[in-house]
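Summary of structural features
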Amino acid sequence: QVQLVESGGGLVQAGGSLRLSCAASGRTFSSAAMGWFRQAPGQEREFVAAIRWSGGSTYYGDSVKGRFTISRDNAKNTVYLQMNSLKPEDTAVYYCAAQSAYRFVVTSTGAYDYWGQGTQVTVSS
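Notes on the structure in this doc start here.

Conventions adopted
- Residues numbered from 1 in each chain as written.
- Predicted model: local features only at pLDDT ≥ 70, side-chain atom pairs only at ≥ 80, totals over all residues.
- Heavy atoms only, no water.
- Disulfide = S-S within 2.5 Å.
- Helix = DSSP H or I, 4+ residues; strand = E, 2+ residues; numbered from the N terminus.
- Buried < 20%, exposed > 50% of the residue type's maximum accessible area, 1.4 Å probe, protein only.
- Pairing = 2+ DSSP bridges.
- Axes fitted to C-alpha atoms, helices over the stretch in contact; angles between N-to-C directions.
- Contact = heavy atoms within 4.5 Å.
- Salt bridge = Lys/Arg side-chain N within 4 Å of Asp/Glu carboxyl O.
- Phe/Tyr/Trp six-rings, centres within 6.5 Å; stacked < 30°, edge-to-face > 60°.

What follows is about the state of the cysteines. Per the stated rule, a full pass over the model turns up one disulfide. Disulfide pairing places cysteine 22 opposite cysteine 96 at an S-S distance of 2.0 Å. Between cysteine 22 and cysteine 96, the disulfide has an S-S torsion of -80° and is therefore left-handed. Of the two residues, cysteine 22 is situated in strand E3 (residues 18-26) and cysteine 96 in strand E9 (residues 92-98); the sequence distance between them amounts to 74 residues. You'll find cysteine 22 and cysteine 96 in the same group, each marked buried.

Here is the structure:
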């Protein structure tokens, strides 16, 4: 079993920055990936970014490319999402997710086995 705890959400003005953290405890899988998704009210959960524990390959959703950066600290079992140049449309609950085994797909919610409780990010205009 894997437990994921997100932190770092909050209220920020447009153009500002936030850094989200996701600490994983329990069993972790070196061949798997960690991802960030977000969900705004009335919308489907959207892929934001992902990173593989081994090798560090990164993947981004089109709406955040060039503004968000995902990184990891293997020693701390923690994944970060640095969010810069935030826009009001980035407002959502952000969820951390983990795979239990290697999967080619990292952009789909169905590719992940464990989820955090979510952290609210609100960007004011």
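Let us now look at the sheet that holds strand E8 (residues 78-83). Here four strands make up an open sheet; going across it, the order is E1-E3-E8-E7 and the pairing antiparallel. Looking at the sheet topology across the chains shown, the edges are occupied by strand E1 (2-7) and strand E7 (68-73). Here the strands of the sheet are splayed against their neighbours by 15° on average, with no regard to which way each runs. By the bridge criterion, six bridges tie E3 to E8 in an arrangement that is antiparallel.

For alanine 111, the location among the structural elements is in the loop between E9 and strand E10 (114-115). For the pair alanine 111 and phenylalanine 68, spaced 43 residues apart in the sequence, the C-alpha separation amounts to 21 Å. Those residues in contact with alanine 111 that lie beyond four places of it in its chain are Gln99, Arg103 and Val105.

On to the pairing of strand E4 (residues 33-39), then. Across the seven residues of E4, six count as buried, placing the element largely inside the fold. Sheet topology places E4 next to strand E5 (residues 46-52); six bridges connect them, and they run antiparallel. When the sheet's bridge partners are listed, glycine 35 is paired in E5 with alanine 50. In textbook terms, the turn of a hairpin is the stretch between consecutive antiparallel strands, and for E4 and E5 this stretch comprises six residues, one of which, glycine 42, has a positive phi near 75°. Two elements, E4 and E9, share six bridges in a ladder whose sense is antiparallel. By the bridge assignment, tryptophan 36 is partnered in E9 with cysteine 96.

On to the pattern of salt bridges. Here the structure, examined in full by the defined rule, presents five salt bridges. In this structure, the salt-bridge partner of arginine 38 is glutamate 46, at a minimum N-O distance of 2.8 Å. For lysine 65, the salt bridge identified is with aspartate 62, shortest N-O distance 3.2 Å. In this pair, the class of lysine 65 matches that of aspartate 62, namely exposed. Each member of the salt-bridge network shares a partner with another, and the members are Arg38, Glu46, Arg67 and Asp90.

Turning our attention to the packing of aromatic side chains. The final tally for this structure, using the stated rule, is four aromatic pairs. When the centroid spacing of 5.6 Å and the interplanar angle of 70° are considered together, the rings of phenylalanine 37 and phenylalanine 47 count as edge-to-face. In this pair, phenylalanine 37 is assigned in strand E4 and phenylalanine 47 in strand E5, connecting sequence segments 10 residues apart. Each member of the pair, phenylalanine 37 together with phenylalanine 47, is buried. Taking the centre distance of 5.3 Å and the plane angle of 80° together, the rings of phenylalanine 37 and tyrosine 112 count as edge-to-face. Pair noted here: phenylalanine 37 is in strand E4 and tyrosine 112 is in the loop between E9 and E10, with a separation of 75 residues, a long-range link. Classification of phenylalanine 37 as buried rests on a relative accessible area of 1%.

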